[in-house]
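Chains, contacts and geometry: an overview
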Amino acid sequence: MRMTFRWFGEGNDTVSLDQIKQIPGVEGIVWALHDVPAGEEWPMDKILHIRDQAHRAGFHIDVVESVNVHEDIKLGLPSRDVYIDNYKKTIEKLGQVGVKVICYNFMPVFDWVRTDLFKEAADGSTALFYEKSRIEDVDPLRLVDKINVNPSLTMPGWEPERMQHLAGLFEAYKEVTEEHLWDNLGYFLKEIIPVAAKHGIKMAIHPDDPPWPIFGLPRIMTSQDNFRRFLKLVDSPYNGITLCSGSLGANTGNDIVSMIHEFTDRIPFAHIRNVRVFDNGDFIETSHRTEDGTVDIAGIVKAYYETGFNGYARPDHGRHIWEEQCRPGYGLYDRALGIMYLWGLWDSLKRVEHKQRKKVVAK
Ligand code: DNO
């Protein structure tokens, strides 16, 4: 397990590279050009700027999250070819600077969706919260105003350019079914995977968060069956998954341990976090600790250990604790605690294995 930490870039993150450096065992930052709109080719000078910053701080830049997919690609419009071309050029450039994994998603219109970014828990910490009934009743075109977004920070999934065109996008998606989305995803993959393979880059699709259709928009990266289907669309080691335990774990029917075992050689990137799912379908993000949520984090880490996982991992969203003012879900403290929990589990599994080996040798 190669530990990384998401960093949104200077001026766009409350956490500094120097702070990340002090978290044990973090070898790389997970980065992106958050100011480049989806569909545009990434400029090399900006890529090099981040690379140099990261290298100076002693981090690698092997993992990019995300190169966002333009809506015309998801919609399957004729204009998609231009955007796919730009996507390929971005892959090529990222290959030139040594990137190994590109995370992306294929969620129509919205990336991750929550109803409350700072829901207070009994201990005074706050966390991202999803209230199912509020989403079901809501007019998505009005939701944007309700969400407490700090306009000086670009939230992934809530980029200004995405929000400006909301009404038009909903209109465009009216006729798009899940099957259309599968076709459009297949078309995209057949175009980009050969380019990624040529540059030694593993593409890693992120599950839909939450893993069910919202606002009448289709969502397909939601379950083990669908990931199986996804991997067959292009059966290549360069067509992989960002296995996000928190996104998938919002549906308690998803068996993430089983997914790790089944898709083991197709998971270049793991997002590890916990959520607590309530009986009515609401969920809140919790600390990474297994007992604090409904996702079996200890079982998940064990599954990665047993399958010899040597891909990249990162702690995912954390709570906001110790009065930290930070991007929703992306503070320093709780994610650092999360890393230490993950290392604790990992190191004890290693210790047990060594002891068992010694016993076998002694016999
Ligand atoms: C949320 C993240 C997602 C993720 C994208 C990947 O915090 O996990 O925004 O980066 O869905 O494309």
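In short, a report on the structure.

Pairing within the open sheet is antiparallel, and its four strands lie in the order 5-6-11-10. With partners counted over all chains shown, the strands left at the sheet margins are strand 5 (116-120) and strand 10 (275-277), one partner each. Each neighbouring strand pair of the sheet contributes to a mean axis angle of 35 degrees, computed without reference to strand direction. Sheet topology note: the strand 10/strand 11 (residues 283-285) ladder contains three bridges and is antiparallel. From the neighbouring strand, valine 277 faces strand 11, where its bridge partner is phenylalanine 283.

Position of aspartate 111 relative to the elements: it lies in the loop between strand 4 (101-104) and strand 5. For aspartate 111, a relative accessible area of 8% corresponds to the buried category. Separated by 3.3 Å, the side chains of aspartate 111 and asparagine 105 make a polar contact.

Bringing the packing of aromatic side chains into the picture now. The tally for this structure, following the rule as stated, stands at 14 aromatic pairs. Between the aromatic rings of tyrosine 130 and phenylalanine 283, the centroid separation amounts to 5.0 Å while the plane-to-plane angle is 10 degrees, which identifies the pairing as stacked. Of this pair, tyrosine 130 sits in strand 6 (residues 126-130) while phenylalanine 283 sits in strand 11, and the two are 153 residues apart along the sequence. Taking the relative accessible area as the measure of exposure, tyrosine 130 reaches 1% and is therefore buried.

Around the ligand sit 15 residues in total, of which Glu65, Ser66, Asn105, His317 and Tyr330 are the nearest. Contact distances for the ligand include 2.8 Å between an oxygen atom and a side-chain N or O atom of asparagine 105. Protein contact buries 99% of the 330 Å² of open area that the ligand shows by itself.

Read around the barrel, eight strands follow the order 1-2-3-4-7-8-9-12 and close on themselves; strand pairing throughout is parallel. Strand after strand, the sheet turns through a mean of 30 degrees between neighbouring axes, direction not considered. Bridge count between strand 2 (residues 26-31) and strand 3 (residues 60-65): three bridges; the pairing is parallel. Looking at strand 3, one finds that tryptophan 31 is bridged to valine 64.

Definitions and cut-offs
Residues numbered from 1 in each chain as written. Predicted model: local features only at pLDDT ≥ 70, side-chain atom pairs only at ≥ 80, totals over all residues. Heavy atoms only, no water. Pairing = 2+ DSSP bridges. Helix = DSSP H or I, 4+ residues; strand = E, 2+ residues; numbered from the N terminus. Axes fitted to C-alpha atoms, helices over the stretch in contact; angles between N-to-C directions. Buried < 20%, exposed > 50% of the residue type's maximum accessible area, 1.4 Å probe, protein only. Polar contact = N/O pair within 3.5 Å; in protein donor to acceptor, adjacent residues only side chain to side chain. Phe/Tyr/Trp six-rings, centres within 6.5 Å; stacked < 30°, edge-to-face > 60°. Near = heavy atom within 4 Å. Areas by Shrake-Rupley, 256 points an atom, 1.4 Å probe, with all protein chains shown as cover.

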